[in-house]
Amino acid sequence: MKTLLLQRKSRELLQTLEQLETMTGETGLSLARMLAYIGTKHPAPVGFEEMEESLSLAKSQVSRNTRALHKFTAFGDRGLDLVDITFDLHNPRTKLVFLNDRGLLELASALTLA
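Everything numeric here is computed off the predicted structure, so don't read it as measured data.

Formed by 20 residues in total, the largest nonpolar core has its most connected members in Met34, Ile38, Met51, Leu55, Leu69, Val83 and Leu99. By residue number, the principal contributor to this core is helix α2 (residues 30–41), which donates five residues. Apart from the residues within four sequence positions on either side, Leu69 is in contact with Leu31, Met34, Leu35, Ile38, Leu80, Asp81, Leu82 and Val83.

Structure, rendered in structure tokens:
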């Protein structure tokens, strides 16, 4: 039941962030939008291409934001450690992203589910 609640609350957050981004023209919210989108799919992993299309983000932006949400950024700096990245077993060129335990706790806490 908590998974369904997390998905619903993440969808609501995603809609709010998208509206705010549209109203303000601020694109810095894409990181939060990505995290909320990944939460809407939890526990299933999300592909990079799906995020590009669903969130209307450039491939480079999805890649950069995913690395920031991961343990280490593209530059080797410490990331937020909220997601893990794996590869699709059927297509090894396809990267998949999912909430790790810390990401799940942080998102649930932010959505007041914990």
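Okay, the sheet that holds strand β3 (residues 95–99) next. Taken together, three strands build an open sheet; the order of strands is β1-β3-β2 and the sheet is antiparallel. Whereas interior strands pair on both sides, the edge strands pair on one side only; in this sheet they are β1 (46–47) and β2 (83–87). Here β1 pairs with β3 via two bridges, running antiparallel. The partner of Gly47 across the bridge, within β3, is Leu96.

Conventions used here
Residues numbered from 1 in each chain as written. Predicted model: local features only at pLDDT ≥ 70, side-chain atom pairs only at ≥ 80, totals over all residues. Heavy atoms only, no water. Core = buried A, V, L, I, M, F, W, Y, C linked by side-chain atoms within 4.5 Å. Buried < 20%, exposed > 50% of the residue type's maximum accessible area, 1.4 Å probe, protein only. Helix = DSSP H or I, 4+ residues; strand = E, 2+ residues; numbered from the N terminus. Contact = heavy atoms within 4.5 Å. Pairing = 2+ DSSP bridges.

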